[in-house]
Structures are given as structure tokens and as C-alpha cells.
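# Close look at the chain arrangement
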Amino acid sequence: MIQSVDRAIRILLALQDEGVLGVSELASRLGLAKGTVHGLLQTLAAHSLVEQDSTSGKYMLGPALLVMGNVYLNSHDLRVRSLRWVASLSESTGLAVRLGVLVWPDVVIIHHVGPKDASVPVSEVGLSMPAHATALGKALLAFHPERRRILSEEPLARLTGQTVTDPDRLNEELDEVRASGVAFEDQEAVVGEASVAGAIFDRSGQAVGAVALVVPADDRGVDPSHIAAIRDTARGISRELGAVTWPG
Amino acid sequence: MRGTAVDVVLDVGFFHDWMGRLARSIEENCDELTRLDAAIGDADHGINMLRGMRAAIEALSSEAPKDPAGVFRVTGSRLVAVVGGAAGPLYGSAFRAAAEALGPKPEITVPELARALRAGVKAVQRIGAAEPGDKTMVDAWLPAVEALESAASGSVRSAAAAAEAAAREGMLATIPMRARKGRASYLGWRSEGHQDPGATSTGLLFAALVDATR
């Protein structure tokens, strides 16, 4: 690992987690000398990856990251090919649809269409949701080659009374997801919300993303028509990506 | 004599009036709840609570429960059935658990009310796995229950006022918090600086309780 690159990245991640930080705060968080942090910040600022608040003198993330983020979104093959499918799934169900990729221990939302009845549209693009508590995350974890190891590394956070925090129980559930390609979650991430997700595979047969239908838990929850719709969508996107088979 | 424990009778009429005042207060504060929820949630808390309380008031009129527990039970059931998102299951379960704790009594004492509301917040914590400091309705509800418990020997009015003050303080204390439960937790530090909408509606519940003792 190149040490200075690693340090610069850790500065960016600290600013992502905290919003605004001064040189001293960053230095103590990263265990580095203030001079070192200052130099790294100057370099990042020269490329607009961070910017300095003119009144407080503290640092925050910079606009170049938005440009990079947009390039990521628009050149992401899975996302670009999924847009049409996601639109049609949300149109036919009226429900919210999420597209996500695994960035353990989270799932990062790379595309989202809100529910038809939303009073105010709220975009979830760019949000991180805990993988073990979401259908998206379960669909991706099920096909992760090292899932048993990563699931046992850190305790699984309890987010509601329904969150599955026992790795053995989660692994059993994921075995079933592997067989069917479809994952479920019932109010395990937030109260009142259930979801069903399908894994998306590429040409090499690797699970590269997942698509989820978000179902209000106050209705009858996930029903067979939702499962059929998510399976069709996940299989359809996988085919477009060149996958030859799909589970189930 | 004013200000003694017998000044207000906590009977079915009192509980019905309390819920009516809560419904009106939710109506008046609907936009505010939605505004708060738009910042860190999905912008539906005001409209959801309004729909739920309207349904509850309708059901209370038509079903005319005969004891305080019945008022809570009917309110809770309507909230669970009608309110979407997290608020329905959380408030609905809270009222139903509180009804269970009250039992079939025609009149309720302040200590009994405190015990019931304690059972209510326990239900919320069980469903939402929320601890104090997570930036949820628990941050307003729990201190209110504690205030009610410690004020339980005084008058109903002063006990309710203490509970309302504690709920308001707890509600305001959510502003600097970083959300650790609910949709707002997805925002990390960006949830800081915003008052929690659930703690705000819980503040209204206790404010309505004070109004009902006047």
C-alpha cells in the first residue's frame, strides 16, 4: 500500500463521516503529525477534492468528488442497463425500487425511484444501508465468496427488534437466498418497512449488484406478485449483463 | 382544594378528551412535523399522524370505549391499521401496551398512568431497539415517564406539567444528536442539528395531557 495515498484517502473518509474537521482534529483522528495532515490537505484542495471553510478554516469534502460520483453513476454498466428495468418495476408496482452494490459492511444505493404515493420525493442515491439488515445486502452477501468470514468479523448491529444479529442464523438464511436468488427483510433495518431483493449477475457469474422492491410492512407485506416481479427484473438485468444462468 | 390528587379524575372522559386534544394538536402541527421529517426522514410523519389520529377519533366516537384502557386500545389499533411508515407500528404498539397495563379500571391514578406509559415506551424500545440518545421518540417519552413517576404523589396537574416539561426537554435534546435508529441513521452526521420528528410528536402527546388536566 502506498502510505501517502492511504493517508489521503483516510482524510477523505473522515470528512465523509464527520462533515467538517480542522487540521488538529484530523491529525488526532488519524494519528498523524499536524504538518503531515496539512500537506495532504493542501494537495487534496489543489484538486478540489476537499475545500476549506473561509470562516472556520476547517475542511470538508470538495466539488470534484461530485463530478467523480456522477462519472461513476453514469459509467456504471449495471446501473445504466438497470434504469429501464427499475422504471418499469416501480411503474407496475407503485412501490419504491432500490439498486445497490455491496461495500461491506454496507450496501450503497446507486439508483432509486421513490414510491408513487410519496408526498415529497426523497432520493436515496448515495446512501449506505447496513448490508445484514437489508434485502439488497442479503442478496449480495449470499453470493459473496467469503461471506462466512466477513459476517463473523464484527458484531452485526441491531437496528430494530427484528434485525438478525446472529451470524449463524443469517448464514442459514443466506443459504436459502443462494438457492432462490431472492432475499427478504421484514422491518430489520427500519420499523414499518419490508423489502424483497434479487441478485444481479454479470457475464462471469459474479453477483455485481441487487435490485429491491420496498414494501410497506403495514400492508400485507411482501406477496408472491412482488417476488415474481423482482425475480423477473433481476433475471432480466442479469441477462443484459451477459449472465447465462440465474438461480431458482 | 386546588392542586391535590383529586382535582382531576382520570376516567374514560378524560382519556377521550386527551386523545381529542392530541388529534387537534397534530392537525395544528402537521406541517411542522412534515418539515422536520423532510430534513432527516421521508417527509410523511405529519400527514401520517394526522390520518391516524383522525381515524382514532372517529373510532372513539363510534365505538365509545367504556374505560380508559379502551380509549388507548382503540387509538392504538387505529394507528397500527392506518398509519404508514414507522409511526404506525411504534405509536400503535405503545398505546396498546399502555392499555394492557391499565387494565379494566374505570378510574386511573397518576402512578397507574405512569406505569402504563412506561409499558408503552417499553413496547417502542422492543420494536425499534432504540436506546436513549439514539434520536428517536424514546428520547422524549422516557424522561416524561420518569417525571410522571417521580411526581406521582402530587396533583394530576403538576404531574402532567412535569411530564410535559421533561418531554419537551428530551425533544429539544434530540437536535444535536446523531441518529442511530430509523431512516435518519442512514444520514450519519447529516442528521445532527435537526429535531427528531418522532420525539416532537411525543412532545405533543404530553402537551395534550397537560391541556386535558386544565
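Scroll up a little and you will see the structure.
First, a word on what this report is: a plain description of the structure on this page.

What follows concerns the overall build of chain B. From N to C terminus, chain B includes nine helices and zero strands. Taken from N to C terminus, the helices and strands of chain B fall in the order α-α-α-α-α-α-α-α-α. Its C-alpha atoms give chain B a radius of gyration of 16 Å, within 12% of the compact-globule value 17 Å for 214 residues. C-alpha extents for chain B along the principal axes are approximately 50 × 35 × 30 Å. A burial count over chain B gives 58% of its 214 residues as buried. The contacts in chain B between residues at least 6 apart in sequence include a share of 66% that link residues at least 24 apart.

What follows is about the interface of chain B and chain A. Contacts between chain B and chain A engage 21 residues on the former and 19 residues on the latter. The set of elements that each furnish at least two residues to the side of chain B that touches chain A consists of helix H5 (87-102) and helix H6 (110-128) of chain B. Residues belonging to the side of chain B that touches chain A are distributed by class as follows: 10 nonpolar, six polar and five charged.

What follows concerns the sheet that holds strand E7 (residues 193-201) of chain A. Residues and elements named next belong to chain A. Pairing within the open sheet is antiparallel, and its six strands lie in the order E5-E4-E3-E8-E7-E6. Looking at the sheet topology across the chains shown, the edges are occupied by strand E5 (128-130) and strand E6 (182-186). The sheet shows a mean angle of 30 degrees between the axes of neighbouring strands, taken without regard to direction. Pairing analysis gives five bridges linking strand E3 (residues 96-103) to strand E8 (residues 207-216), with the strands arranged antiparallel. Note on E8: the bridge partner recorded for Ala-96 is Val-214. Packing against the sheet, helix H9 (residues 224-240) makes contact with E6, E7 and E8, and its axis sits at approximately 25 degrees to E7.

What counts, and at which threshold
Residues numbered from 1 in each chain as written. Chains lettered and ligands numbered in written order. Predicted model: local features only at pLDDT ≥ 70, side-chain atom pairs only at ≥ 80, totals over all residues. Helix = DSSP H or I, 4+ residues; strand = E, 2+ residues; numbered from the N terminus. Rg over C-alpha atoms; globule rule 2.2 N^0.38 Å. Buried ≥ 20, exposed ≤ 12 C-beta atoms within 10 Å, placed from the backbone. Contact = placed C-beta atoms within 7 Å. Nonpolar A, V, L, I, M, F, W, Y, C, P; charged D, E, K, R; others polar. Pairing = 2+ DSSP bridges. Axes fitted to C-alpha atoms, helices over the stretch in contact; angles between N-to-C directions.

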